[in-house]
Amino acid sequence: MSFEMRPITELVDFNPKRAIKKGTVAPFIDMAALPVLSRDVEEITEKEFKSGGAKFCNGDTLFARITPCLENGKTAKVSGLERNQNGFGSTEFIVMSAKDREHDEDYVYYLARLPEFRAYAKARMEGTSGRQRVPWQSLAEFEYPMPSKEQRKRAGDFFRAIDNKISLNTKTNKTLEQMAQAIFKSWFVDFDPVKAKMNGEQPEGMDAATASLFPEKLVESELGLIPEGWEVGDLSDLMDFNPKRTLKKGTIAPYLDMKNMPTSGHLALDIYDREMGSGTKFKNGDSLLARITPCLENGKTAYVDFLKDEQVGWGSTEYIVMRSKSDSYKYFSYYMARFEPFRKFAIQSMTGTSGRQRAQAQTVQTMPFAIPPISILEKFDAFIAPNMQMIKSHGSENRTLANLRDTLLPKLLSGEIKLETNER
């Protein structure tokens, strides 16, 4: 079934008036918080509204209009504000609001993600190279075969259900990693199990066999108080940095670029095959730390679990590879890479000219650390392995759901497929 071409302005108000009083502290979204592949904004902060910037409310769609954010797909649907509350953000957002919120609020968001609409926007960018923008007036001229409002509502509901599941998986993954990070800090930094035994208490959250691995007192060392029997050393005693990997030049192999390194969590965003040139080589069980500014400061870090057994992948020259010395505690290197004091140590060690500073593996591996017995390292790995495996499973499900969403998007939005026959 085909539908008559209709202007997008029949459905959408562009940059509608939203009132925020000057001097008011209001919710703020900056460009960095706008997602590329998902629907929901990663972080909403608060900031004093002075003047200017895009203003929005719950249900509005934020569309990045400047290069390279537009090309990268930065788009979001606003949620999480208080009822009747307005927020503001970058001047480089175009706000798209559904005229009929009941039927079209979700449809408008998915229309903004439609490849045809995005190609239309890119073709109408103006300005000097590197600072090109699309005017909202150009987007207002877009026409599309609009189905009935009932079909638009069904399509919006269908895609919203997919993105709700993706969002739930993402939130669950965040919680699972936070739990593992808390165990890492409790065992290896705060020494909570030892302190509990010193007080005659059973260490929280562990059985008697695990508790027996920890000593019953702390002793003085050059690092301060550390568990009895642990040694003073540095990270090179626990991990290898930039271990040798072999991948012949010209080989087609999985590639992870800096853009697809996550700023939180361990899952790489996208991996694709590419002919090996010059770059960092890695295999499953390695942790990747972005060493260059601002990627290091922004938290770009990943755990490699996406290759086949013994397969070697490669990526940016700006990664430091960290690998636990034994696979029996393979996850330790990743949680060290996410440990805030380690990241501060790496940032403080950066050298080079302003804007191109880098951390060096030879330096970050010298960070002092209390070296625990391997039995405790192995028990930590056993504790958090289910979390890591569930996070990976959720990530795989999210990719499948996203592919389904993106494949069906043009057909459902245009009414080419009637949803009643595809709901299951």
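Right above here is the structure, for reference.
Definitions and limits used
- Residues numbered from 1 in each chain as written.
- Predicted model: local features only at pLDDT ≥ 70, side-chain atom pairs only at ≥ 80, totals over all residues.
- Heavy atoms only, no water.
- Salt bridge = Lys/Arg side-chain N within 4 Å of Asp/Glu carboxyl O.
- Helix = DSSP H or I, 4+ residues; strand = E, 2+ residues; numbered from the N terminus.
- Buried < 20%, exposed > 50% of the residue type's maximum accessible area, 1.4 Å probe, protein only.
- Pairing = 2+ DSSP bridges.
- Axes fitted to C-alpha atoms, helices over the stretch in contact; angles between N-to-C directions.
- Core = buried A, V, L, I, M, F, W, Y, C linked by side-chain atoms within 4.5 Å.
- Contact = heavy atoms within 4.5 Å.
- Disulfide = S-S within 2.5 Å.

1. Some thoughts on the pattern of salt bridges
Move 1: Scanning all chains against the criterion turns up 27 salt bridges.
Move 2: When the shortest N-O distance is used, the salt bridge between lysine 153 and aspartate 157 registers 2.9 Å. Of this pair, lysine 153 and aspartate 157 are both found in helix 5 (residues 149–188), four residues apart, which corresponds to roughly one turn of the helix.
Move 3: By relative accessible area, which is 27% here, lysine 153 ends up partly exposed.

2. Things to note about the sheet that holds strand 8 (residues 86–89)
The strands making up a sheet associate through hydrogen bonds between their backbones, and the pairing can be parallel or antiparallel.
Move 1: Spatially, 4-3-8-5 is the arrangement adopted by the four strands of the open sheet, whose pairing is mixed. The open sheet has two edge strands, strand 4 (45–48) and strand 5 (54–57), and neither has a second partner. For this sheet, the mean inter-axis angle between neighbouring strands, taken without regard to orientation, is 45°.
Move 2: Sheet topology places strand 5 next to strand 8; four bridges connect them, and they run antiparallel. Bridge pairing in strand 8 links phenylalanine 56 to glycine 87.

3. What to know about unusual backbone geometry
Move 1: With omega at 0°, the peptide bond leading from threonine 67 into proline 68 counts as cis.
Move 2: Within the element layout of this structure, proline 68 appears in the loop between strand 6 (61–64) and helix 1 (69–72).
Move 3: The residue phenylalanine 191 is not glycine, and still its phi comes out positive at about 55°.
Move 4: Assignment of secondary structure puts phenylalanine 191 in the loop between helix 5 and helix 6 (192–198).

4. Describing the nonpolar core
Move 1: Membership of the largest hydrophobic core comes to 45 residues, with the highest contact counts inside it found for Phe188, Met322, Phe332, Tyr335, Met336 and Phe342.
Move 2: Elements that contribute at least two residues to this core include exactly helix 5, strand 14 (239–241), strand 21 (319–324), helix 9 (332–337), helix 10 (340–348), helix 11 (361–364), strand 22 (368–371) and helix 12 (374–413).
Move 3: No other element matches helix 12, which puts six residues into this core.
Move 4: Excluding residues within four positions of it along the chain, methionine 336 makes contact with Phe184, Leu235, Met239, Met322, Phe342 and Phe369.
Move 5: Grouped together as the second largest cluster of nonpolar side chains are 37 residues, Phe14, Tyr120, Met125 and Tyr144 included.

5. Considerations on the state of the cysteines
Move 1: Scanning the model with the defined rule gives zero disulfides in all.
Move 2: Free of any disulfide, cysteine 69 has its nearest cysteine sulfur in cysteine 295, 14 Å distant.
Move 3: Of the residues examined, cysteine 69 reaches a relative accessible area of 13% and is grouped as buried.

6. A few points about the sheet that holds strand 20 (residues 313–315)
Move 1: Read from one edge to the other, the open sheet built from four strands follows the order 16-15-20-17, with strand pairing classed as mixed. Edge positions in the sheet fall to strand 16 (272–275) and strand 17 (280–282), since each of these pairs with one other strand and no more. Recorded for the sheet is a direction-independent mean angle of 45° between the axes of neighbouring strands.
Move 2: The sheet contact formed by strand 15 (residues 252–256) and strand 20 spans two bridges and is parallel. What sits directly across from tyrosine 255, in strand 20, is tryptophan 314.

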